[in-house]
Amino acid sequence: MDIDIKETIASAISGKAPGLSSLEDVTMAAATLTMAQTCALCILRFLQIPAGPVYLTRSLDAISEALGVELQHPNSNGLSPCPVCLGTLDMALVDKVVGSFKEQEYDASSAAVTVELPKSVYVRHHSMQVHLKSAHPSLNAATPTDLKDVIKYMVCQTLVSEHSIASDADSDMRIEISFAHEESASEHQFLFDRENSSVKTKTFRKRGVHYTTGDSKAAVLSELGACSDKDFISCFACPPPAIAQPATIGSLVLKRAPIFIGGRYLKLERNISQTPFFVGERRVTELSVADVVGEPIKALVRCDSYNLVGSGREDADVRMLGDGRPFYLECTNPRTTIIKPGQIRAIEDQLRSTKSPVQVRRLQMIRPEDTSIIREGEEHKTKHYCALVWFSSPLSQDKLAEINAIGKQGVLLQQKTPIRVLHRRAPLTRERRLLALELEPIEGKFYKLRLESEAGTYIKEFVHGDLGRTVPSLADMAGVTADIIELDVENVSLDFPPALVDGDC
Ligand SMILES: [Zn+2]
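Residues numbered from 1 in each chain as written. Predicted model: local features only at pLDDT ≥ 70, side-chain atom pairs only at ≥ 80, totals over all residues.

Some details on the overall build of the protein
Thought 1: Within the protein one finds 16 helices and 20 strands.
Thought 2: Since a compact globule built from 505 residues should have a radius of gyration of about 23 Å, the 34 Å found for the protein marks it as more spread out than a globular shape.
Thought 3: Each principal axis of the C-alpha atoms in the protein carries an extent, and together these give about 110 × 55 × 40 Å.
Thought 4: The contacts of the protein with a sequence gap of at least 6 include a subset with a gap of at least 24, amounting to 75%. (Helix = DSSP H or I, 4+ residues; strand = E, 2+ residues; numbered from the N terminus. Rg over C-alpha atoms; globule rule 2.2 N^0.38 Å. Contact = placed C-beta atoms within 7 Å.)

Structure follows, in structure tokens:
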């Protein structure tokens, strides 16, 4: 990197940096800071040099020479790290963050970087300011360059220059860096313990660990602002005391906004649940639609996890035929989001060619806002069913004609929450409409029932009556006992996923 450090410093002097009117001022201030073990980059900050290329200088010689003092590395090889930034300006940490990001191979073109510092940094920063002001009263009005801004700059610039990742606060890719420094973790506490502190913190113990609440960064800054220099000096050393160990990256969170893949699924066999179905530890169904569809998509987009949301759901023993049931898959923290339509179609083809009992149609990337079609469609869609029904005795021709005549006009049902789902649903009575119903004899006591219903109708209960909890029921209409042997969903009338957008084909 080719930066003229002398020029950067000269422009800071000729600019509006308060209290620095000559190179002599700069050198004197730098010498005071160096005496207190302050690192070269923190010195640049206290000289009010804004976040810029100079902070990325890996060799300190040029800065030392420009300032006329012998300078220290932020981490000083672990001997005595900078007592102001606690070593957070160490380029090795920036490299670590950028390296971890690179390792995950996100296909992001931009990222939003956030930095959280140990609270002691604000106290130590204040301490150094008080010290500097007393040594150089002309620097009284100086506001040092923000530490967070510098760290962010260093990370963002490295991402741009090494990986062409632009910095964008609105990016769907987030890099959250949180620094930790155990040694100074409770240093800010004295601010709240002062008699005239307006902040009350609470300390409590949970599972053997001590927690404090109320000591937010904002509270620390507000207390520092309210504390006079005299009070501060009586409670905290100025310049800030040396530390033994530098700060570390306490947590680094790499997080990408989820992507959504929509489609329609078919279930060609029975005993497949929509999502993995457990009773206690035991898995009830071997297969789930979510697993069959989710695993190949997970491998494609390299997400942490996925969640399947269907437009309603059928029971595990009910097949889903026809055009399939609309669904979408929410993929959390995907590494790959640039996907060619052909790659998604290959998943459809793969399931078809291996004769998987779960098939998908119209699989495609959808926009986040398209997921609302599934959620809102829940109330409006209608469904077509086909069932194999058994009656305790065959129906007369007249009875059959009577039921089919009623079926053509539709039937209004009063359904109490079925006994089989009472353990997970509130006991309510719901009104549901059967839009059409048709009964066709097959053989003996067996009949084929076709019907169209509003979303949320319990079909099995309509057939057998659920001990009088669904009124009327097919059993009531037939005047004999009825039961349902097999049930298939033949159509879910909801137009989803939406037509493909421009460019996808
Ligand atoms: Zn420093």
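A look at the nonpolar core
Thought 1: C42, I43, L47, C85, V150 and V155 are the most contacted members of the largest nonpolar core, which has 60 residues in total.
Thought 2: Sorting the residues of this core by element identifies helix 2 (23-35), helix 3 (40-46), helix 4 (61-67), helix 5 (91-103), strand 1 (110-116), helix 6 (120-135), helix 7 (147-163) and strand 3 (173-180) as the ones contributing at least two each.
Thought 3: No other element matches the eight residues that helix 7 contributes to this core.
Thought 4: With residues near it in sequence (within four places) discarded, V155 still touches V94, V97, V98 and V113.
Thought 5: In this structure, V360, L449, F462 and V492 belong to the second largest nonpolar core, which totals 54 residues. (Core = buried A, V, L, I, M, F, W, Y, C linked by C-beta atoms within 7 Å. Buried ≥ 20, exposed ≤ 12 C-beta atoms within 10 Å, placed from the backbone.)

Considering the UniProt feature "domain: Pus10 N-terminal eukaryotes" (unreviewed entry) in the protein
Thought 1: Following the UniProt record, the feature "domain: Pus10 N-terminal eukaryotes" (unreviewed entry) maps to residues 82-242 here.
Thought 2: Between the end C-alpha atoms of residues 82-242 the distance is 8 Å, and the span holds 42% helix and 17% strand. (UniProt positions renumbered as here; feature names shortened; annotations may be inferred.)

Re the environment of E438
Thought 1: Relative to the elements of secondary structure, E438 occurs in strand 17 (residues 429-443).
Thought 2: For E438, a count of 14 C-beta atoms within 10 Å corresponds to the partly exposed category.
Thought 3: Separated by ten residues in sequence, E438 and K448 have C-alpha atoms that sit 8.2 Å apart.
Thought 4: Filtering out sequence-adjacent residues up to four positions away, E438 remains in contact with N404, G407 and R450.

Thoughts on the packing of helix 6 against helix 9 (residues 217-226)
Thought 1: Following both chains from N to C, one finds helix 6 and helix 9 inclined at 20°, their axes separated by 9 Å at the closest point. By the angle between their directions, the pair helix 6 and helix 9 is classed as roughly parallel. Remark: the crossing between helix 6 and helix 9 carries right-handed chirality. Within the contact between the two elements, helix 6 uses Y122, V123 and H126 and helix 9 uses K217, V220, L221 and L224.
Thought 2: The residue makeup of the contact of helix 6 with helix 9, split by class, is five nonpolar, one polar and one charged. (Axes fitted to C-alpha atoms, helices over the stretch in contact; angles between N-to-C directions. Parallel < 35°, antiparallel > 145°, perpendicular 65-115°, else oblique. Left-handed = near helix turned anticlockwise from the far one by under 90°. Nonpolar A, V, L, I, M, F, W, Y, C, P; charged D, E, K, R; others polar.)

Quick word on the domain arrangement of the protein
For an interface, size is often stated in terms of accessible area lost upon the parts coming together.
Thought 1: Domain assignment breaks the protein into domain 1 (5-187 + 236-255), domain 2 (188-227), domain 3 (258-377) and domain 4 (382-492).
Thought 2: Computed from C-alpha coordinates alone, the two centres of domain 2 and domain 3 are separated by 48 Å. (Domains from an automatic or database assignment.)

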